[in-house]
Amino acid sequence: MNLKKRAGYEAAKKVKDGDVVGLGTGSTTHYFINQLGERIINEEIEILGIPTSYQSFFIARDSGINLTTLEEHDIDIAVDGADEVDPDLNLIKGGGAAHTLEKVVDNAARKFIVIVDESKMVKELGNFPVPVEVIPQALKAVEKSLIELDGIPSLRMAKNKDGPVITDNGNFVIDTKFEKINNPLQLEKDLNNIPGVLENGIFSNMVDEVIIGTSQGIRCLKSD
Ligand code: 5RP
């Protein structure tokens, strides 16, 4: 079985009847959301989903998952993908440019589970550039500040549209490469301290459990 699917299907087993579920974004969570939809049909369980992007909104709708908002419900469990996971379970996210709402939803959940294939497990964060969502008017000023933090900024360009990626919130994403990320928590704070930055893709000290799809099966890591 595809390793992302393996992790997504395992996470779908963790959801209980009556849960309000944060629905992450990306190809791994696509499998999770589809499988949750299957459980709703087959087991007649009642679930409410809170999407983290237009993508997860559409997949949830097509999978028959009833939706709600953070205004109306607290979240029991959130399940989301990641681009990198370090041994302390810090993450880089935002490969799909959805990290701002993902962080809000994942952080609000009583339990936050990350689902990845084994290629996402790293010794140290930083091979993947850190996505930084910025308001368009602040682009130049933020790029300057990122260079001052020893980052190499690169405005993310769209694939099927001319010009930059525009996030679900109407902003730009600056992918920022750091030679080394020694202290993810500090860098997360420093990036969010730059005026014009909405949110960055470092998620430190947030994860409760990581479900890893490996060629040998499922491996789980839990935070201390
Ligand atoms: C989107 C994300 C995704 O969860 C992350 O990019 C992983 O994606 P995939 O499951 O497709 O590998 O953070 O903003």
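Residues numbered from 1 in each chain as written. Predicted model: local features only at pLDDT ≥ 70, side-chain atom pairs only at ≥ 80, totals over all residues. Heavy atoms only, no water.

Here the focus is the nonpolar core. If you look at soluble globular proteins, the nonpolar side chains tend to sit buried side by side. Membership of the largest hydrophobic core comes to 20 residues, with the highest contact counts inside it found for V21, F32, L36 and I115. Among the secondary structure elements, those contributing two or more residues to this core are α1 (3-12), β1 (20-23), α2 (27-43), α3 (54-62), β4 (77-80) and β7 (111-117). Apart from residues lying up to four places away in sequence, F32 is in contact with G8, A11, A12, V15, V21, L23, V79 and I115. (Core = buried A, V, L, I, M, F, W, Y, C linked by side-chain atoms within 4.5 Å. Buried < 20%, exposed > 50% of the residue type's maximum accessible area, 1.4 Å probe, protein only. Helix = DSSP H or I, 4+ residues; strand = E, 2+ residues; numbered from the N terminus. Contact = heavy atoms within 4.5 Å.)

Strand order in the open sheet formed by three strands is β5-β6-β12, and the pairing between neighbours is antiparallel. Since the sheet does not close on itself, it has two edges, and those belong to β5 (84-85) and β12 (202-203), each with one partner. As paired elements, β5 and strand β6 (residues 91-92) share two bridges and run antiparallel to each other. By the bridge assignment, V85 is partnered in β6 with L91. (Pairing = 2+ DSSP bridges.)

Let's shift gears to the packing of aromatic side chains. By the definition in use, this model includes one aromatic pair. For the ring pair F57 and F58, a centre distance of 5.6 Å and an interplane angle of 65 degrees mean the geometry is edge-to-face. Over the face of the ring belonging to F203 we find K93, whose NZ or CZ atom lies 5.7 Å from the ring centre. (Phe/Tyr/Trp six-rings, centres within 6.5 Å; stacked < 30°, edge-to-face > 60°. Lys NZ or Arg CZ within 6 Å of the ring centre and 35° of its normal.)

For the ligand, the set of nearby residues contains 18 residues, the closest of which are T25, S27, T28, D83 and K120. One nitrogen or oxygen atom from the main chain of G95 is found 3.3 Å from an oxygen atom belonging to the ligand. With respect to the ligand, the backbone of A98 contributes an N or O atom lying 3.1 Å from an oxygen atom. Relative to its free-state accessible area of 380 Å², the ligand is covered by the protein chains to the extent of 91%. For the shell around the ligand, the elements supplying multiple residues, two or more each, are α2 and α4 (99-108). A breakdown of the residues in the shell around the ligand according to their chemical character gives three nonpolar, nine polar and six charged. (Near = heavy atom within 4 Å. Polar contact = N/O pair within 3.5 Å; in protein donor to acceptor, adjacent residues only side chain to side chain. Areas by Shrake-Rupley, 256 points an atom, 1.4 Å probe, with all protein chains shown as cover. Nonpolar A, V, L, I, M, F, W, Y, C, P; charged D, E, K, R; others polar.)

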